[in-house]
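Residue-level listing of the chains:
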Amino acid sequence: MRTTLSFILSAFVFVTVNAYAEQVASVSSVIVPLHQTSKIAALTDEKKSETCFELLDHVKGPKFKNENLKRVCAQVQWLPSCVSVKGTPIVHFEKTGHDKRKKRILVFSLIHGDETGAGSLVRYWLERLDEIDPRNDWRIVPVLNPDGFEAKTRTNANNVDLNRNFPTRDWNDLANIYWKKHSSSSPRRFPGTVAGGEPEVKCAISQIDDFKPDFIVSIHTPLAVLDFDGPKVKPPSFAYLPWRSLGNYPGSLGRFMWVERSTPVLTAELRSTLPTNFETFDRLQDILGELAKYKLNHMKEAASFLNR
Ligand SMILES: [Zn+2]
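If you're wondering where the values come from, they're calculated on a predicted model, not measured in any experiment.

### Observations concerning the overall build of the chain
And step 1. Of the regular secondary structure elements, the chain holds 11 helices and 9 strands.
And step 2. In the chain, the proportion of contacts linking residues at least 24 apart, taken out of those at least 6 apart, comes to 80%.

Dropping the structure here:
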């Protein structure tokens, strides 16, 4: 099926260099080289849904039903720059909030392909969002690294740790040094050869550029903490995972978006075993919505003042 999908997709390949270059330039002050992969110019709704369903239908959860996932996947959308190294489209789901003072929350999951618990949480949130009337606007990219997810690897198909490949200003000077010094040149944490050179990172940047989030959530496992790169606030309490800062790295999403662009990033590091009751994840989604909506007002102004 995947071979057929790739074949059909490759039949629709066109280069949209100018439009893409404009997108990247507007979010990043550094020049991001264009990936050699051409962009897929068109993707049918059926193919978007199929890709979503194929990736998420084997994710584990206590009450998951195929019919609910099908309903979610029938609504997914796709940006033309969102294609993995191996040619799989990277789709997203969006739900508009009802509150007048709503915020825009962008969720990335499975940036690391082997963190399968992140897949369980994201599927649960997708199905929940489909049923509720949320306060905030939510956009969810459930599988940012589909090649790694299929191969059960942390890295993408180019063996790059995508969370070390964002084009932070210090990337050229520090990414490799950090990798050697702080990660003992672990192949699981290889930052790549070019800042922002990986197609999945380009997709993440075009999602940020397109959605213009107030708050970003990135779902990982297994460190069992809520790691917040953002302004100093008293976060809502959450018994299942303590709030604890892990710091950020050259090429990480937290450094790229919070340190350099003043958009807060919450890295939700789940436990290695999933909770027996997934209602824990209702609470997690709700407190993140609460954090974005009530606690981060004026945060951009405050952050740009601090960074001056
Ligand atoms: Zn991770």
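Moving on from the coordinates now.
### Regarding the nonpolar core
And step 1. Counting 66 residues, the largest nonpolar core has Val 107 and Leu 144 as the members making the most contacts within it.
And step 2. It is helix α5 (residues 116-131) that contributes the most residues to this core, 7 residues altogether.

### A word on the pairing of strand β7 (residues 215-220)
And step 1. For β7, the buried fraction is high: 6 of the 6 residues fall into the buried class.
And step 2. Every second residue of β7 is oriented toward a common face, with Phe 215, Val 217 and Ile 219 on one face and Ile 216, Ser 218 and His 220 on the other, all of them buried.
And step 3. Bridge count between strand β5 (residues 104-109) and β7: 5 bridges; the pairing is parallel. Paired with Ser 109 across the strands is Ile 219, a residue of β7.
And step 4. Inspection of the sheet shows β7 paired to strand β9 (residues 265-271) by 5 bridges, in the parallel sense. If you follow Ile 219 over to β9, its bridge partner there is Ala 268.

### Some points on helix α3 (residues 45-56)
And step 1. With 12 residues, α3 should cover 16 Å at 1.5 Å per step; its first-to-last C-alpha distance of 17 Å lies within 8% of that length.
And step 2. Along α3, the residues that are buried comprise Thr 51, Cys 52, Leu 55 and Leu 56. When α3 is viewed along its axis, its buried side chains cluster within an angular range of 110° and face the same direction.

### Regarding the confidence of the model for the chain
Should pLDDT be low for a region, the predicted coordinates there are not to be read in detail.
And step 1. Looking at the chain, pLDDT values average 86 and 83% of them are 70 or higher.
And step 2. Confidence drops under a pLDDT of 50 for residues 1-38, and excluding neighbours within four residues, the segment shows 54 contacts in the predicted structure.
And step 3. Note on residues 301-308: pLDDT under 50 across the span, and 5 contacts to partners over four residues away in sequence or across chains.

### A few points about the sheet that holds β5
And step 1. Across the sheet, 7 strands lie side by side as β3-β4-β6-β5-β7-β9-β8; this open sheet has mixed pairing. Both edges of this open sheet fall to β3 (77-83) and β8 (223-229), since each of them pairs with a single strand only. Put simply, the sheet's adjacent strands are angled 20° from each other on average, direction ignored.
And step 2. Against the sheet, helix α10 (residues 279-295) makes contact with β5, β7 and β9, and its axis sits at roughly 135° relative to β5, the strand it touches most.

### Describing unusual backbone geometry
And step 1. Here Thr 221 and Pro 222 are connected by a cis peptide whose omega angle stands at 0°.
And step 2. Along the chain, Pro 222 turns up in the loop between β7 and β8.
And step 3. For Ser 184, which is not a glycine, the phi torsion comes out positive at approximately 50°.
And step 4. Mapped onto the secondary structure, Ser 184 falls in the loop between α7 (171-182) and α8 (199-211).
And step 5. You can call Ser 184 exposed: it has 8 C-beta atoms within 10 Å.

So, how was this worked out
- Residues numbered from 1 in each chain as written.
- Predicted model: local features only at pLDDT ≥ 70, side-chain atom pairs only at ≥ 80, totals over all residues.
- Helix = DSSP H or I, 4+ residues; strand = E, 2+ residues; numbered from the N terminus.
- Contact = placed C-beta atoms within 7 Å.
- Core = buried A, V, L, I, M, F, W, Y, C linked by C-beta atoms within 7 Å.
- Buried ≥ 20, exposed ≤ 12 C-beta atoms within 10 Å, placed from the backbone.
- Pairing = 2+ DSSP bridges.
- Expected span 1.5 Å × (residues − 1).
- Arc of directions from axis to C-beta.
- pLDDT = per-residue confidence, 0-100.
- Axes fitted to C-alpha atoms, helices over the stretch in contact; angles between N-to-C directions.

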